[in-house]
Structures are given as structure tokens and as C-alpha cells.
Amino acid sequence: MICPFCRHDDSRVVDSRPVEDGTQIRRRRECPECGQRFSTQEVALLNIIKRSGATEPFSREKVLVGVRKACQGRPVNEDDLVLLAQRVEETLRSTGQAEIEAQEVGMAILAPLRELDEVAYLRYASVYRNFASLEDFEGEIALLRALPSSNKVASSSKKSPENKA
């Protein structure tokens, strides 16, 4: 790392600490030439390859904007949306790839959104999967009914009279 004070091309790491949920590392460095100390931050890059072929850095904010639209008017709070965006980022980073197709980002959003709110899931899926007819909606609703989300199963087991003993 080049020293910002004297431009010497080497420095020594004095201290390292994780920041931002462990997705970044803050390093305190010292220049052996001039003795000045400075801080750097390291981030593991995660780039999204758009349909056009262009790449851009992953943005949790973009995930939040899209999911907020799907959740508009639904009983979903902002904290749940932030956690969803964090889960999506963790899922994408866990692949170990530095570049991910935009399509995979959308797919990573669908499962946690379904657990959060099935109506919001249906709204998001209809845009993301480009539903063109009523049959597309009916097919997705049939899948939702056939395969209940883990959240729905957990909440229905809490309400059953057998569990109130």
C-alpha cells in the first residue's frame, strides 16, 4: 500500500478490525519511511453482470428498492426488508464468485421474500418472471398453495388447537 504522505510504496499493518457485519476490514498501517500512520478499508468485491453485459457493484439498496415496491401496502416492516437484503447478499457472497449474473440476484430474492410475505412474493415474481397472462398468476398461486412456505407452516402449527395443551 502506498503511503499517502510520502508516496513510499510499502507500509506495515499495525491493526486489523472487521467492520460492516464482517464484510469489510479496517487496517491501521504505518509507513516505514516517514513513520506516519493511516487507515485503509478492504472490501471483497461482488460485481453484478447485467443483461447488457455491463458490470456494476452489488448494491443492497437496489435490492431494498425492488422489494419495497413489492411490499407496498403489505404488513412488512423496514427491519424485515433490511434483513432480507442482507440475506440476499450473504447468499450471493457464499457462492465464492466475484461476479454474478443479475438473474441470480433475482432468484436469490425470491425465496426469502416468499417467507416474508406471499403476496409481495407474487408481485415480485410477476415482474421478475415477466408474467404475461392470468394463467401465469394462477400457476404460481397453485405452486404457493401446493408448497407452503416454512413461515406459513410455522405460524399454522402455532395456531392449531392441539398445540395449546
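Residue indices begin from 1 for each chain and proceed along its sequence in written order. It should be noted that, the model being predicted, local features are given only for residues of pLDDT at least 70 and side-chain atom pairs only at 80 or more, the latter also being counted only at that level, while totals for whole chains, interfaces and linings use all residues. To obtain the side-chain values, all non-hydrogen atoms of the structure were used and water was disregarded.

Some words on the sheet that holds strand β3 (residues 37–43)
- Taken in spatial order, the 3 strands of this open sheet run β1-β2-β3, and their pairing is antiparallel. The sheet is open, and its two edges are formed by β1 (12–19) and β3, each paired on a single side. Going from strand to strand, the sheet's axes swing by 25 degrees on average, the running direction of each strand aside.
- Each pair of strands is called paired provided DSSP finds at least two bridges between the two strands. Where helices and strands are cited, they refer to DSSP runs of H or I of at least four residues and of E of at least two residues respectively, numbered from the N terminus. Of the strand pairs in this sheet, β1 and strand β2 (residues 24–30) are connected by 7 bridges, and their pairing is antiparallel. In the strand pairing of β2, S16 is matched with R27. Axes here mean lines fitted to C-alpha atoms, for a helix over just the part in contact, with angles spanning 0 to 180 degrees between N-to-C directions.

A short note on the layout of surface pockets
- Here a cavity denotes a set of grid points, spaced 1 Å apart and computed over the protein atoms alone, in which a 1.4 Å probe fits but from which it cannot get out, and a pocket denotes an open set meeting protein on both sides within 12 Å along at least five of seven lines; residues with an atom within 4 Å of a point are reported as lining. Grid points are joined across faces, edges and corners, and a volume is the space filled by probe spheres set on the points. What the largest pocket holds in volume is close to 600 Å³.
- The wall of the largest pocket is formed by 23 residues, among which A102, V105, G106, I109 and Y124 lie closest to the centre.
- Where the lining of the largest pocket is concerned, the elements lending two or more residues are β5 (55–57), α1 (60–71), α3 (102–116) and α4 (118–128).
- It is α1 that provides the largest number of residues to the lining of the largest pocket, a total of 7 residues.
- Residue polarity follows a fixed list, in which Ala, Val, Leu, Ile, Met, Phe, Trp, Tyr, Cys and Pro are nonpolar, Asp, Glu, Lys and Arg are charged, and the others, Gly among them, are polar. Of the residues belonging to the lining of the largest pocket, the class tally is 13 nonpolar, 4 polar and 6 charged.

Thoughts on unusual backbone geometry
- With a phi angle near 70 degrees, R7 is a residue other than glycine that sits in the positive phi range.
- As for its placement among the helices and strands, R7 is situated in the segment before β1.
- Note on classification: 1.4 Å probe, protein chains only; a residue is buried when its accessible area is under 20% of the maximum for its type, exposed when over 50%, partly exposed between these limits. By relative accessible area, which is 60% here, R7 ends up exposed.

Points about the environment of G96
- Mapping G96 onto the fold places it in the loop between α2 (78–93) and β6 (99–101).
- We classify G96 as exposed; its relative accessible area is 67%.
- Put simply, G96 and L46 are 50 residues apart on the chain and 9.4 Å apart in space, counted from C-alpha to C-alpha.

Some remarks on α1
- For a helix, the expected span equals 1.5 Å multiplied by the residue count minus one. Over its 12 residues, α1 runs 16 Å from end to end, which matches the ideal 16 Å to within 8%, given 1.5 Å per residue.
- Those residues of α1 that fall on the buried side of the exposure criterion are V63, L64, V67, A70 and C71. Summarising the axial view, the buried residues of α1 lie within an arc of 125 degrees, below the 170-degree limit, and thus occupy one face.
- Only heavy atoms matter for contacts: two residues are in contact if any of them lie within 4.5 Å across the pair. In the core, the buried residues of α1 are packed alongside α2, α3 and α4.
- Phi turns positive one or two residues past the end of α1, at G73, with a value near 80 degrees. Relevant arc is that of directions from the helix axis to the C-beta atoms, nothing else.

Observations concerning the confidence of the model for the chain
- Confidence scores per residue from the predictor, reported as pLDDT, run from 0 to 100. Mean pLDDT over the chain stands at 87; residues scoring 70 or higher make up 89%.
- pLDDT under 50 marks residues 153–165. Its contacts with residues more than four places away, or in other chains, come to 4 contacts.

Notes on the pairing of β2
- As paired elements, β2 and β3 share 7 bridges and run antiparallel to each other. Counterpart to E30 in the pairing with β3 is R37.
- Joining the antiparallel neighbours β2 and β3 is a turn of 6 residues, in which G35 adopts a positive phi near 80 degrees.

Regarding the sheet that holds β5
- What the 3 strands build is an open sheet, ordered β5-β4-β6; its pairing is mixed. Looking at strand neighbours, the two that pair on one side only are β5 and β6, the edges of this open sheet. The mean inter-strand angle of the sheet, taken between neighbouring strand axes irrespective of direction, is 35 degrees.
- Where strand β4 (residues 47–49) lies against β6, 3 bridges are found, and the strand directions are parallel. In the strand pairing of β6, N47 is matched with E99.

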